[in-house]
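# Coordinates in review
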Amino acid sequence: MTSESDEVDRIVEAWITQRPDLDFSPLQVLSRVDRLSRHLDLARRAAFRRSELEPWEWDVLSALRRAGEPFRLSPKQLLQQTLVSSGTMTNRIDRLVGRRLVRREADPADGRSILVILTPDGRIRVDAAITRLVDAEQALLARLSRADQERLAGLLRKLSLGFDV
């Protein structure tokens, strides 16, 4: 092990001692991704909590914010972006309406349909949350140069393309 060893190095080294017949190189990568994922989850939850948002609220509000002016999407579009069931989305919209973070309006193009619209308070919260999130994520990546971050992003993109459909 090098002077820059981490817990994954220690775990893999112990496994190699016990099972020298196996190739543990996948653990070198994916165990670190798993551990980093836990740190990222904690950082995200803290950023959302400081904006008084739950992670699921962030998912819906950020989809609306990313849509751009006038910050509205149909429930079907929200389903596609958040990957939850129709019943779950209805419940989420109801709860966000109750908190006055979104409102429902009839779709002017189709009176039978509704649109979910980000309210000014919802926009303030989601904008605060994304600022906090970017700051927290920059702190997580602080040990890497910009070039290393770009290289890592490219490698992770390459890996994830096989899973995103």
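Residues numbered from 1 in each chain as written. Predicted model: local features only at pLDDT ≥ 70, side-chain atom pairs only at ≥ 80, totals over all residues. Heavy atoms only, no water.

### Here's the deal with the overall build of the chain
When you go through the chain residue by residue, the secondary structure sums to seven helices and three strands. Secondary structure elements of the chain, listed N to C terminal, follow the sequence α-α-α-β-α-α-β-β-α-α. Relative to the 2.2 N^0.38 estimate, which gives 15 Å for 165 residues, the radius of gyration of the chain is 21 Å and therefore markedly larger than a compact globule would have. Its C-alpha atoms give the chain principal-axis dimensions of about 65 × 30 × 25 Å. Put simply, 48% of the contacts in the chain that link residues at least 6 apart link residues at least 24 apart. Summed over all atoms, the accessible surface of the chain reaches about 11,500 Å², with 54% contributed by carbon and sulfur. (Helix = DSSP H or I, 4+ residues; strand = E, 2+ residues; numbered from the N terminus. Rg over C-alpha atoms; globule rule 2.2 N^0.38 Å. Contact = heavy atoms within 4.5 Å. Areas by Shrake-Rupley, 256 points an atom, 1.4 Å probe, with all protein chains shown as cover.)

### Notes on the pattern of salt bridges
Within this structure, the stated rule accounts for 17 salt bridges. Between D121 and R125 there is a salt bridge, with the nearest N and O atoms lying 3.4 Å from each other. Here D121 pairs with R125, and both are found in helix α6 (residues 120-140), just four residues apart, close to one helical turn. Each of the salt bridges in this network shares a partner with another, and the network as a whole consists of R65, E69, R123 and D127. (Salt bridge = Lys/Arg side-chain N within 4 Å of Asp/Glu carboxyl O.)

### Quick notes on the UniProt feature "domain: HTH marR-type" (unreviewed entry) in the chain
The feature "domain: HTH marR-type" (unreviewed entry), as annotated in UniProt, sits at residues 26-161 in this numbering. With 69% helix and 12% strand, residues 26-161 has end C-alpha atoms that lie 18 Å from one another. (UniProt positions renumbered as here; feature names shortened; annotations may be inferred.)

### Remarks on the environment of T119
Among the structural elements, T119 can be located in the loop between β3 (110-118) and α6. Taking the C-alpha atoms as reference, T119 lies 6.6 Å from R103; in sequence the two are 16 residues apart. When residues no more than four places from it in sequence are discounted, the contact partners of T119 are R100, L101, V102 and R103. A distance of 3.0 Å separates a polar atom in the side chain of T119 from the backbone oxygen of L101. (Polar contact = N/O pair within 3.5 Å; in protein donor to acceptor, adjacent residues only side chain to side chain.)

### Brief notes about helix α1 (residues 7-18)
The terminal C-alpha atoms of α1, which comprises twelve residues, lie 17 Å apart, in line with the 16 Å expected from a rise of 1.5 Å per residue. For α1, the complete set of buried residues consists of V8, D9 and V12. Each buried residue of α1 lies within a common arc of 100° when the element is viewed along its axis, so the set occupies one face. Of the exposed residues in α1, the ones pointing more than 90 degrees away from its buried face are T17 and Q18. (Expected span 1.5 Å × (residues − 1). Buried < 20%, exposed > 50% of the residue type's maximum accessible area, 1.4 Å probe, protein only. Arc of directions from axis to C-beta.)

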